[in-house]
Amino acid sequence: MKLNPVSRVVFLLLLNVVFTYGMPPMYEGIQHFSEHYNLPPLPFKFGSMEPQFDAPTMKIHYIEVHSNFTKNMNRLLKDWRKKDKDNPLTKKSLLDVIRNIAQVPHQMKYDLEQQIGGHLNHLFYFATLRANPKNETMEIPKKLQRAFKRSFVNMTLFETQFKESIDKVSSVGFVWLCRVPKRDYLTVYQTVENTTPLTLAGGLQPVLGIDLWEHAYWIKHPNRRDDYYKAWWSTIDWNKVEQLYQWWKNMEPRDEL
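All figures in this text were calculated on a predicted structure; none of them were measured in a lab.

Draft legend 1. Structural context of the overall build of the chain. Across its full length, the chain carries eight helices and three strands. Overall, the chain shows an N-to-C arrangement of helices and strands of α-α-α-α-α-α-β-β-β-α-α. Expressed as a percentage of the 257 residues in the chain, the buried residues total 47%. Across the chain, every contact between residues at least 6 apart in sequence was considered, and the portion connecting residues at least 24 apart equals 69%.

Draft legend 2. Layout of the sheet that holds strand S2 (residues 185-192). The strand order across the open sheet formed by three strands is S2-S1-S3, and the pairing between neighbours is antiparallel. In this open sheet, the two strands that pair with only one neighbour each are S2 and strand S3 (205-211). Averaged over neighbouring strand pairs, the angle between their axes works out to 25 degrees when direction is ignored. Relative to S2, strand S1 (residues 173-180) runs antiparallel, the two being bridged by eight bridges.

Draft legend 3. Structural view of the packing of aromatic side chains. If you walk through the whole model with that rule in mind, you get 22 aromatic pairs. Plain terms: the ring middles of Phe152 and Phe158 are 5.1 Å apart, the flat faces sit at 50 degrees to each other, and that makes the pair tilted. Three or more aromatic residues joined by ring pairs make a cluster, and in this case those are Phe148, Phe152, Phe158, Phe162, Tyr229, Trp232, Trp233 and Trp238. Here Lys163 stacks its cationic end above the ring of Tyr229, 5.8 Å away from the centre of that ring.

Draft legend 4. Region of interest: the UniProt feature "binding site: Mn(2+)" (unreviewed entry) in the chain. Following the UniProt record, one finds the feature "binding site: Mn(2+)" (unreviewed entry) at His61, His122, Asp211 and His215. A maximum C-alpha distance of 12.1 Å places the annotated residues, which cover 155 residues in sequence, within one compact spot. Taking relative accessible area as the criterion, His61 reaches 1% and is therefore assigned buried. Leave out the neighbours within four places in its chain, and His61 touches His66, His122, Tyr125, Phe126, Asp211, His215 and Ala216. Structurally, His215 is set in the loop between S3 and helix H7 (225-234). What makes His215 partly exposed here is its relative accessible area of 23%. Ignoring any residue separated from it by four or fewer positions in sequence, one finds His215 in contact with Thr57, His61, Val65 and His122. Engagement of the side chain of His215 in a polar contact is seen with the side chain of Asp211, the distance being 3.1 Å.

Draft legend 5. Inspection of unusual backbone geometry at higher detail. Omega for the bond connecting Glu50 with Pro51 falls within 30 degrees of zero, at 5 degrees, which places this linkage in the cis form. Among the secondary structure elements, Pro51 is positioned in the loop between helix H1 (5-21) and helix H2 (55-83). Even without being glycine, Asp184 reaches a positive phi, approximately 55 degrees. On the secondary structure map, Asp184 appears in the loop between S1 and S2. Using a relative accessible area of 13% as the deciding quantity, one classes Asp184 as buried. Backbone geometry at Glu193 places phi at a positive 50 degrees, although glycine is not the residue there. Inspection of the secondary structure puts Glu193 in the loop between S2 and S3. For Glu193, a relative accessible area of 33% gives the class partly exposed.

How each quantity is defined
- Residues numbered from 1 in each chain as written.
- Predicted model: local features only at pLDDT ≥ 70, side-chain atom pairs only at ≥ 80, totals over all residues.
- Heavy atoms only, no water.
- Helix = DSSP H or I, 4+ residues; strand = E, 2+ residues; numbered from the N terminus.
- Buried < 20%, exposed > 50% of the residue type's maximum accessible area, 1.4 Å probe, protein only.
- Contact = heavy atoms within 4.5 Å.
- Pairing = 2+ DSSP bridges.
- Axes fitted to C-alpha atoms, helices over the stretch in contact; angles between N-to-C directions.
- Phe/Tyr/Trp six-rings, centres within 6.5 Å; stacked < 30°, edge-to-face > 60°.
- Lys NZ or Arg CZ within 6 Å of the ring centre and 35° of its normal.
- UniProt positions renumbered as here; feature names shortened; annotations may be inferred.
- Polar contact = N/O pair within 3.5 Å; in protein donor to acceptor, adjacent residues only side chain to side chain.

Okay, structure coming up:
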């Protein structure tokens, strides 16, 4: 099929968008209501994460762990919406539900919170990773650098605080770098099991998180959490961290002039 000049320009622009920006981030859509939330594709191939992560670990983490959270979450959402249909929260987005989980009946609250939390936590975890076979250092975007300076004085102090938080997690959970809504600064926070920072008072917004459940590292780094941490750190995509930071910021209502 031969395209006319205008159509050709539009087509080339669309191709440029795809090659420049790729697929939408994994978390895109959680801010909208849906009868069913899909498991989004990973932004990388399983085997491409070597040498930091082995393909079997990535497959288990995504195909079994993340997929099961997604399936269980959808099943529980469907059951809750049917039983609690007069609750206006049943017509809200996944983001609204987890932020207002206290409005879910007590007998359903814990299971729903854990499954939604597990789904969301893994979205944020996977969405900020990149393949880095040569262990190359990635420069942090200037906007994010300014946020770090405003919040922690410098990156060294942030890294120290983040690592200390990891060392304090004696069981299972996550350690997060979170954006504080409206005040627009960053903080480090720990969560246990599958709790997500979004359920906390004020709704801390995750922009970077490390999964400290054994399924995230046990095959390659058994009993060696420090080695896992170093491997994970070298695969952080700081551009995607900044993208997630900006995504949260853009969703906040702005004051009218």
